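Chain by chain, the residues run as shown.
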Amino acid sequence: MNQLKSREPGSVTLPGTLSEPLRAELVAFRRDLHMHPELGNQEFRTTAALKARLEAAGLAPEVLPGGTGLFCDIGSRAVGRSMLAIRADIDALPIPDAKTVAYRSTVANRAHACGHDVHTTTVLGAGLVLAELDRQGLLPNAVRLVFQPAEEVLPGGAADVVEAGVLDGVGRIIAVHCDPRVDAGKIGLRAGPITSACDRLEITLDGPGGHTARPHLTTDLVTAAARVATDVPAVLARRVDARSGLSVTWGRIEAGHAPNVIPQHAELSGTVRCLDLPAWRDAPDLVHAAIDEVATLHRAKSTVTYVRGVPPVVNDPVVAELLRDAMAARRGPYAIEDTEQSLGGEDFSWYLEHVPGAMARLGVRTPGDTRVRDLHAGDFDVDERCIEAGVELFTAAALLDAMPQS
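The structure contained in this document is the topic of the report that follows. (Residues numbered from 1 in each chain as written. Predicted model: local features only at pLDDT ≥ 70, side-chain atom pairs only at ≥ 80, totals over all residues. Heavy atoms only, no water.)

Attention now goes to the sheet that holds strand E16 (residues 357-365). Pairing within the open sheet is mixed, and its eight strands lie in the order E1-E2-E4-E3-E5-E16-E6-E15. Taken across any chain shown, the strands that pair with only one partner, and hence form the sheet edges, are strand E1 (62-63) and strand E15 (336-338). With four bridges joining them, strand E3 (residues 83-89) and strand E5 (residues 170-183) adopt parallel strand pairing. Across the sheet, Ile-86 pairs through a bridge with Ile-174, a residue of E5. Here helix H3 (residues 116-135) sits on the sheet in contact with strand E2 (70-74), E3, strand E4 (143-148), E5 and E16, set at roughly 145 degrees to E3. (Pairing = 2+ DSSP bridges. Helix = DSSP H or I, 4+ residues; strand = E, 2+ residues; numbered from the N terminus. Contact = heavy atoms within 4.5 Å. Axes fitted to C-alpha atoms, helices over the stretch in contact; angles between N-to-C directions.)

Here it is as structure tokens:
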């Protein structure tokens, strides 16, 4: 029997709270993932663990064509209704785990330093709760869980998930991303853009080389590389509307092997980020032109490889409001913070090219903790109470979304 009568937050007590045994199981599951991180498109152990647990709950998950990642439907679709999809990303990063906790990574130079283990665990937990509600007749419409591989691999595994047809029958999609600036038990939310576009940039510079005693007779390639690194961002800052937030940041520069030899080859790599879609579309041509201009000034031959990444995640206002209602129903309006647009990239944006959706920032900071922990850092960790909050958010969103619309 459907006991959900109203979509107004606070007007109904939603079923589907997390039991203590399941809460403990999910914490253990997250720690196991944290100890065994796998890179994008290599998440075979993670996929097997998810598949086994969902099957133990009586569900029928389907592994994606690439062999990692999976999706799983819960419940039956109501006549004339599309499904809500709940997405998690399952891959880790190629960096060492710098923590000393008992559940630190057991794999050298691999770590869940972006919280994907938490994302995965919250979606799994929501699926287990929703499956139990479905058995009780309390899930009015089907929900699809999506466990996506390779979010950290540009242009992102989301594009492969879409190509595999996983969005067929889906009308809306939701997700979370860990945020170490928000307390555990809360979420950060906004309508409109919440992340930025992110592309990858690889540059090679070449010259004849020579002796450091006679730089005037050759191309001073180290100086050329240094000028490209500093001047290209400055040139772009004067050719693009500052409100677009176009930013080039370098992660690697290599040149030379000896102190008295001007090298023949140099390499730079970094990222291009911007806040809006028009700037993202224009970025390749603008960046190419700026690099060629600076390199030519210093008599270096430049070769540019511009790898398209992901557009910004733009939260649909209606779906963002669904997440707001869901968190308010579970924990009250004070568990929701307004958040700003980040310069980080997220391939969740590819789903939003096809269906409306929204991503919330899941608070993972221990309340009162003044330490600054950032994503993609070896010491990144979470207050595991965030898992329960994420499960509550997802289950409430699924139930509210299934209510009859007024």
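There's more to say after this.
A separate point is the packing of helix H1 (residues 20-35) against helix H2 (residues 44-56). Relative orientation of the contacting elements H1 and H2 amounts to 160 degrees, with a least axis distance of 11 Å. Classified by the angle between their axes, H1 and H2 sit roughly antiparallel to one another. The handedness of the crossing between H1 and H2 is right-handed. Two secondary-structure elements touch here, H1 through Glu-25, Phe-29, Asp-32 and Leu-33 and H2 through Arg-45, Thr-46, Ala-49, Leu-50 and Arg-53. Here the contact of H1 with H2 is built from residues that sort into four nonpolar, one polar and four charged. (Parallel < 35°, antiparallel > 145°, perpendicular 65-115°, else oblique. Left-handed = near helix turned anticlockwise from the far one by under 90°. Nonpolar A, V, L, I, M, F, W, Y, C, P; charged D, E, K, R; others polar.)

Judged by how many residues are buried, E16 sits mostly within the fold: eight of nine residues are covered. With eight bridges joining them, E5 and E16 adopt parallel strand pairing. Across the sheet, the residue bridging to Asp-179 is Gly-363, located in E16. Sheet topology note: the strand E6 (residues 187-189)/E16 ladder contains two bridges and is antiparallel. Among the inter-strand pairings, Ile-187 is bridged to a residue of E16, identified as Leu-362. (Buried < 20%, exposed > 50% of the residue type's maximum accessible area, 1.4 Å probe, protein only.)

This brings us to the packing of aromatic side chains. The tally for this structure, following the rule as stated, stands at one aromatic pair. Seen in terms of ring centroids, Phe-348 and Tyr-351 are 5.8 Å apart; in terms of plane orientation they differ by 55 degrees. Their pairing is tilted. Using a relative accessible area of 0% as the deciding quantity, one classes Phe-348 as buried. Classification of Tyr-351 by relative accessible area gives buried; the value is 0%. The ring of Trp-280 carries Arg-308 above its face, with NZ or CZ at 4.0 Å from the centroid. (Phe/Tyr/Trp six-rings, centres within 6.5 Å; stacked < 30°, edge-to-face > 60°. Lys NZ or Arg CZ within 6 Å of the ring centre and 35° of its normal.)

So, about the packing of H1 against H3. One way to put it is that H1 packs onto H3 with a least axis distance of 9 Å and a crossing angle of 145 degrees. Crossing hand, H1 versus H3: right-handed. For the pair H1 and H3, contact is made by Leu-22, Leu-26, Phe-29, Arg-30, Leu-33 and His-34 and by Asp-117, Val-118, Thr-120, Thr-121, Leu-124, Gly-125, Leu-128 and Val-129, respectively. Residues belonging to the contact of H1 with H3 are distributed by class as follows: eight nonpolar, four polar and two charged.

So, about the state of the cysteines. Tallying each qualifying case throughout the model produces zero disulfides. The cysteine Cys-274 is free of any disulfide, with Cys-198 supplying the nearest cysteine sulfur at 9.3 Å. (Disulfide = S-S within 2.5 Å.)

To continue, consider the environment of Asp-292. In this structure, Asp-292 sits in helix H6 (residues 277-297). Taking relative accessible area as the criterion, Asp-292 reaches 35% and is therefore assigned partly exposed. In this structure the C-alpha to C-alpha distance between Asp-292 and Val-318, which are 26 residues apart in sequence, comes to 44 Å.

Next up on the list: unusual backbone geometry. The omega torsion across Leu-154 and Pro-155 is 5 degrees, close enough to zero to call that bond cis. Relative to the helices and strands, Pro-155 is located in the loop between E4 and helix H4 (158-163). The backbone of Asn-41 shows a phi angle near 65 degrees, a positive value even though the residue is not glycine. With respect to the element layout, Asn-41 can be found in the loop between H1 and H2.

Mapped onto the secondary structure, Asn-315 falls in strand E14 (residues 314-315). For Asn-315, a relative accessible area of 2% gives the class buried. Only 2.8 Å separates the side chain of Asn-315 from the backbone oxygen of Arg-190, close enough to count as a polar contact. Apart from residues lying up to four places away in sequence, Asn-315 is in contact with Arg-190, Ala-191, Gly-192, Pro-193, Ile-194, Ala-320, Gly-357, Ala-358 and Met-359. (Polar contact = N/O pair within 3.5 Å; in protein donor to acceptor, adjacent residues only side chain to side chain.)

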